[in-house]
Amino acid sequence: MSFPALVEPASELTVDEVRRYSRHLIIPDVGMAGQKRLKNAKVLVIGAGGLGSPALLYLAAAGVGTLGIVEFDEVDESNLQRQVIHGQSDVGRPKAVSAKESVAEVNPLVDVVVYEERLDNDNVLGIFEGWDLIVDGTDNFATRYMVNDAAYFLKIPYVWGSIYRFDGQASVFWPHAVDEDGQKVEAPCYRCLYPEPPPPGMVPSCAEGGVLGVLCASIGSIQVNEAIKVLTGAGEPAVGKLVIYDALELEWRKLKVRKDPRCALCGENPTVTELIDYEAFCGAVSDEAAEAAAGSTISVVQLEQMLKEREEGGKDFVLVDVREPNEFEINRIPGSVLIPKGEFLNGNALGELPADKPIVLHCKSGVRSAEALAVVKGAGYADAVHVGGGVVAWVNQIDPSQPAY
Ligand SMILES: [Zn+2]
């Protein structure tokens, strides 16, 4: 279904603007009225990363008058494979500043507001206040639920997107939407679609699992497409629709998402009536893993010492890398053997572990190895530990000659 335009039109376009946006102006569904609405629009983009990069560039080029950028991170070399708003010379610089400069280069007529801070419960409502629309490019569940709840409390519609390897999803969450007659529409929020975050460790982040760079452009551009439709009232935005893209099969699907009357946020008897503790809600690791890791976590410095002592005839142990084979190809801790985490969860790995040697587990960051440690300890191996910070810490602190990812 279609919705009335979210934003009132600006009073006029300048001669420069008419020239710049002429290809929009001759589209009947946009036209002068639509372009004036874009000029008047204030869109806040969360993150100048994989999704935020194409989103910001196209929102700027489209002539959205005011763009906000929430981003606390700095540009890293491993970002450049997909975060096309940043360039080689930006490595080490704040992403927010780099993104602002790129926006100015694409379209100097856009006002840019930068929030160089990490979004949290203390600042989220203040930052969101006053924006017409939010484009969410965050990559973790805690922030996603926070964005959803804060946007709901402030009645701001938002365009959500998510990416992983070759798979992308997008939707418009607008529980306060009204139709052309001013009647409230039964539109869902993110919690209606995903009432609970996945169990910790079940869904790897892009840093853990990877993402095809160009997928960011596919989903980020869909988010801009939907943003423009909501702002101008053109077409039928994906309110109550989940767009699913499979880049390997080159297949787009669109599923209906209904408002959940039992939704904790936008349902009939809401239990989430203010911001909650999102880190606790999503959990970095499961309770079992946290329990297993307590008192059984060693540092990479300790591991290096153990490896040295073993070389000099000291105590032997088995060092197991629980990442995936393609990660093992990129970098590794010397002397480690690869047994992916899935082999622990299905029990197959237990037969490969010696009963008479200590076991040291590690992964990329320490999340997956803690999950594996819980399985190992549960199977009765008392002499087992995992490495806090994993390969990332090893490369940072012990062996910077190896590539990071
Ligand atoms: Zn809901």
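Structure shown above.
One structure accompanies this document, and this report is about it. All figures in this text were calculated on a predicted structure; none of them were measured in a lab.

Section: the coordination of the zinc ion
Argument step 1. Here the zinc ion is held by Cys189 (SG), Cys192 (SG), Cys263 (SG) and Cys266 (SG), and the distances to it run 2.3 Å.
Argument step 2. Of note is the zinc ion, whose four donor atoms meet at the metal with angles of 94 to 120 degrees in an arrangement that counts as tetrahedral.
Argument step 3. Expressed as a motif, the donor residue spacing for the zinc ion is C-x2-C-x70-C-x2-C. Here the residue Cys192 occupies a position in helix H8 (residues 190-193), and Cys266 occupies one in the loop between strand S8 (251-256) and helix H11 (278-282), the gap between them amounting to 74 residues.
Argument step 4. Its relative accessible area of 6% is what places Cys266 among the buried residues.

Thoughts on the nonpolar core
Argument step 1. One finds Val43, Leu56, Leu59, Val64, Leu67, Val103 and Leu231 to be the most contacted residues of the largest nonpolar core, which totals 47 residues.
Argument step 2. Residue contributions to this core peak at nine residues, all from helix H10 (residues 213-232).
Argument step 3. Ignoring sequence-local partners within four residues, the contact set of Leu59 consists of Val43, Val45, Val64, Leu67, Val135, Val224 and Ala227.
Argument step 4. Among the nonpolar cores identified, the runner-up in size contains 28 residues, and Val124, Ile134, Phe173 and Leu275 belong to it.

Things to note about the pattern of salt bridges
Argument step 1. Applying the stated rule across the entire model yields 12 salt bridges.
Argument step 2. The partner of Lys39 in a salt bridge is Glu17, and the shortest N-O contact between them spans 2.9 Å. With Lys39 in helix H3 (residues 31-40) and Glu17 in helix H1 (residues 15-20), this residue pair connects regions lying 22 residues apart in the sequence.
Argument step 3. Assessed through its relative accessible area of 27%, Lys39 is described here as partly exposed.
Argument step 4. The residue Asp73 makes a salt bridge to Lys95 at a minimum N-O spacing of 4.0 Å. Linking Asp73 in the loop between strand S2 (66-70) and helix H5 (95-106) with Lys95 in helix H5, this pair joins segments that are 22 residues apart in sequence.
Argument step 5. A relative accessible area of 34% places Asp73 in the partly exposed class.
Argument step 6. Accessibility expressed as a relative area gives 5% for Lys95, which makes it buried.
Argument step 7. Connected through shared salt-bridge partners, Asp90, Arg93 and Glu101 make up one network.

Reading the values: the criteria
Residues numbered from 1 in each chain as written. Predicted model: local features only at pLDDT ≥ 70, side-chain atom pairs only at ≥ 80, totals over all residues. Heavy atoms only, no water. Donors = N, O, S within 2.8 Å, 3.2 Å for Na, K, Ca; no water. Tetrahedral: all angles 85-135°; square planar, octahedral: opposite > 155°, others 65-115°. Helix = DSSP H or I, 4+ residues; strand = E, 2+ residues; numbered from the N terminus. Buried < 20%, exposed > 50% of the residue type's maximum accessible area, 1.4 Å probe, protein only. Core = buried A, V, L, I, M, F, W, Y, C linked by side-chain atoms within 4.5 Å. Contact = heavy atoms within 4.5 Å. Salt bridge = Lys/Arg side-chain N within 4 Å of Asp/Glu carboxyl O.

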